[in-house]
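Below, each chain spelled out in residue letters.
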Amino acid sequence: MEKKPFDLAFYNGKRVLVTGHTGFKGSWLCKMLANTGAEVTGYSLEAPTEPSLFHIAEIEKDVNSVIGDIRDLKHLQEVFEEAQPEIVLHLAAQPIVRDSYKDPVYTYEANVMGTVNILECVRKCECVKSFLNITTDKVYLNKEWAWGYRENEELDGYDPYSNSKSCSELVTHSYKNSFFADGRTAISTARAGNVIGGGDFANDRIIPDCIRAAIKKEDIVVRNPFSTRPYQHVLEPLYAYLMIAAKQYEDIAYAGYYNVGPDDADCFETGALVDVFVAKWGEGMKWVNRYDGGPHEANFLKLDCSKLKSTFGWKPHWNLEKAIEMVVEWSKCWLEGNDVRACMDRQIEEFLRAGERR
């Protein structure tokens, strides 16, 4: 018997704390939660890019926004005491591989000690029933093999970003075993593949690079067109995160470690991804292959998401072509000065309807 799609109405009235709420994923997550009627507190540094989705979409209207550093344990504890969250979603991180080579110390401080700090707050705050640490598909020891990594594979990211996220996983495992064995709080991690979506303005990400080139009417520069990644629309993992956090809130037996990625058909080479973008954007765009000899990044990486599918009956809602169509729609809405918040609401609704039709 096929399981019904998870209903986000679960979050109506729930007190939820989101770290990293001013980032790209955090902004979309806060919009989804606010639309359900959740009471959302966000804790993060100022928005990491200019422009930023957080400001363009006026996400501060939707949440109690607290600007703070995840490395500041005292401030974080004060926010927990004030917000009394039932559910904590931990997204705050230094998320860029290339930036981790430039500043490895900050990357480890934010991604490892930041995780220690948030778990310490959860440990001391009895109101928290569900905690989810968002890491990355890059936590695995990458052997460049052709099949997807499973949750029981070895964790050993190569670069400082990936490795710091492997450490964040291990910190979570240790806290879970050491302090939450009594079952009072469900503890999980989610390892997501590469996300795309409207409002991502980060450096060194292919879709933001495409948007910037489109604005300037220049050719898109692709550094490594033959690298294969599990690309998915940002709403895919966010919906999965909310599902995992809710299901383990209701039944701690669901707590664990979950991969969140697209089906194999949407594990694209970067050049093929850009081909789809160019076709959807139009206006005569094209791209050029220009390897720049940058730091080590994996050539081949994908996830085995059978655990998430078998446990919850989860499936991706959109394929990659549809995901890029949504990126183009949002980006043109913004560039033409139209209502970005309304566009986000429409895309969230369309995404949820697609899940109901599966």
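The preceding data block contains the structure.
All of these numbers come straight from a predicted model, not from anything done at the bench.

K.L.:
I would appreciate a short explanation of the pairing of strand β1 (residues 15-19) in the present structure.
P.N.:
Two faces, one strand: in a regular strand the side chains alternate between the faces of the sheet. In terms of burial, β1 is a largely internal element, four of the five residues being buried. Here five bridges tie β1 to strand β2 (residues 39-44), and the two strands are oriented parallel to one another. Bridge pairing in β2 places T19 opposite Y43. With four bridges connecting them, β1 and strand β4 (residues 87-90) associate as parallel partners. Bridge pairing links T19 to H90 in β4.

K.L.:
How should I be thinking about the sheet that holds β4 in this particular structure?
P.N.:
Strands pair in a sheet through their backbones, by hydrogen bonds, and they do so in one of two ways: parallel or antiparallel. A sheet is described by the order of its strands in space; here seven strands give the open sequence β3-β2-β1-β4-β5-β6-β11, paired in parallel fashion. In the strand order of this sheet, the two ends are held by β3 (64-67) and β11 (257-260), each with one partner. Across this sheet, the average inter-strand angle for adjacent strands is 20°, counted without regard to direction. Of the pairings in the sheet, the one linking strand β6 (residues 186-192) to β11 comprises four bridges and is parallel in character. Bridge pairing in β11 places T189 opposite Y257. Contacting β1, β2, β3 and β4, helix α3 (residues 73-83) crosses the sheet at an angle of about 175° to β2. Packed onto the sheet, helix α6 (residues 160-179) meets β5 (130-134), β6 and β11 and runs at close to 165° relative to β6.

K.L.:
I would appreciate a short explanation of the environment of C210 in the present structure.
P.N.:
Structurally, C210 is set in helix α7 (residues 206-216). Along the chain, C210 and V278 lie 68 residues apart, while their C-alpha atoms are 8.4 Å from each other. When near neighbours in sequence (up to four residues on either side) are disregarded, C210 contacts I220, V274, F277 and M285.

K.L.:
Can you walk me through the packing of α7 against helix α11 (residues 320-335) in this structure?
P.N.:
Between two packed helices, the angle of one axis relative to the other and the distance separating the axes together describe the packing. For the pair α7 and α11, interaxial distance at closest approach is 12 Å and the crossing angle is 40°. Judged on the interaxial angle alone, α11 and α7 are oblique. In this structure, α7 meets α11 at a crossing whose hand is right-handed. Facing I207, I211 and I215 of α7, the residues of α11 in contact are V327, S331, W334 and L335. Grouping the amino acids of the contact of α7 with α11 by side-chain chemistry returns six nonpolar, one polar and no charged.

K.L.:
Looking at this structure, I do not really get the pattern of salt bridges. What am I missing?
P.N.:
One side chain can pair with another of opposite charge once the charged atoms of both are near each other. Using the criterion set out here, one finds 25 salt bridges in the structure. Between K332 and E283 there is a salt bridge whose closest N-O contact spans 3.6 Å. Here the residue K332 occupies a position in helix α11, and E283 occupies one in the loop between α9 (270-281) and β13 (287-289), the gap between them amounting to 49 residues. The class for E283 is exposed, based on a relative accessible area of 55%. The partner of K322 in a salt bridge is E350, and the shortest N-O contact between them spans 2.6 Å. Of the two residues, K322 sits in helix α11 while E350 sits in helix α12 (residues 340-357), which places them 28 residues apart along the sequence. Each of the salt bridges in this network shares a partner with another, and the network as a whole consists of K280, E321, K322, E325 and E350.

K.L.:
Looking at this structure, how should I read the nonpolar core?
P.N.:
Grouped burial of nonpolar side chains is what soluble globular proteins tend to show. One finds Y11, W28, L33 and L89 to be the most contacted residues of the largest nonpolar core, which totals 64 residues. For this core, the leading source of residues is helix α8 (residues 235-250), giving 11 residues. Residues contacting L33, with those up to four places away along its chain left out, are Y11, V16, V18, A38, V40, L89 and L242. In this structure, V79, I118, V122 and V171 belong to the second largest nonpolar core, which totals 23 residues.

K.L.:
Help me out: how do you make sense of unusual backbone geometry in this one?
P.N.:
Phi is mostly negative for residues that are not glycine, and the peptide bonds are mostly trans. P51 follows E50 through a cis peptide bond whose omega is 5°. Mapping P51 onto the fold places it in the loop between β2 and α2 (53-56). Of note, E144 is a non-glycine position whose phi angle comes to about 55°, a positive value. With respect to the secondary-structure elements, E144 resides in the loop between β5 and α6. You can call E144 partly exposed: its relative accessible area is 36%.

K.L.:
Help me out: how do you make sense of the packing of aromatic side chains in this one?
P.N.:
How two aromatic rings sit relative to each other is given by the distance of their centres and the angle of their planes. In total, this model carries 17 aromatic pairs according to the counting rule given. Taking 6.4 Å as the distance between ring centres and 90° as the angle between the ring planes, the aromatic pair formed by F6 and Y11 counts as edge-to-face. Overall, F6 belongs to the buried group, its relative accessible area being 12%. By relative accessible area, which is 0% here, Y11 ends up buried. Taken together, the aromatic side chains of F6, F10, Y11, Y239, Y249, W318 and F351 make up a single cluster linked through ring pairs. The lysine or arginine in question, K14, covers the ring of F10, its NZ or CZ lying 4.2 Å from the ring centre. Directly above the ring of Y249 sits K129, whose terminal nitrogen or CZ lies 4.3 Å from the centroid.

K.L.:
Help me understand the side chain of T22, please; the structure alone is not making it clear to me.
P.N.:
As for its position among the elements, T22 is in the loop between β1 and α1 (24-36). With relative accessibility at 3%, the residue T22 sits in the buried group. There is a polar contact of 2.9 Å between the side chain of T22 and the side chain of S44.

Rules and cut-offs
Residues numbered from 1 in each chain as written. Predicted model: local features only at pLDDT ≥ 70, side-chain atom pairs only at ≥ 80, totals over all residues. Heavy atoms only, no water. Buried < 20%, exposed > 50% of the residue type's maximum accessible area, 1.4 Å probe, protein only. Helix = DSSP H or I, 4+ residues; strand = E, 2+ residues; numbered from the N terminus. Pairing = 2+ DSSP bridges. Axes fitted to C-alpha atoms, helices over the stretch in contact; angles between N-to-C directions. Contact = heavy atoms within 4.5 Å. Parallel < 35°, antiparallel > 145°, perpendicular 65-115°, else oblique. Left-handed = near helix turned anticlockwise from the far one by under 90°. Nonpolar A, V, L, I, M, F, W, Y, C, P; charged D, E, K, R; others polar. Salt bridge = Lys/Arg side-chain N within 4 Å of Asp/Glu carboxyl O. Core = buried A, V, L, I, M, F, W, Y, C linked by side-chain atoms within 4.5 Å. Phe/Tyr/Trp six-rings, centres within 6.5 Å; stacked < 30°, edge-to-face > 60°. Lys NZ or Arg CZ within 6 Å of the ring centre and 35° of its normal. Polar contact = N/O pair within 3.5 Å; in protein donor to acceptor, adjacent residues only side chain to side chain.

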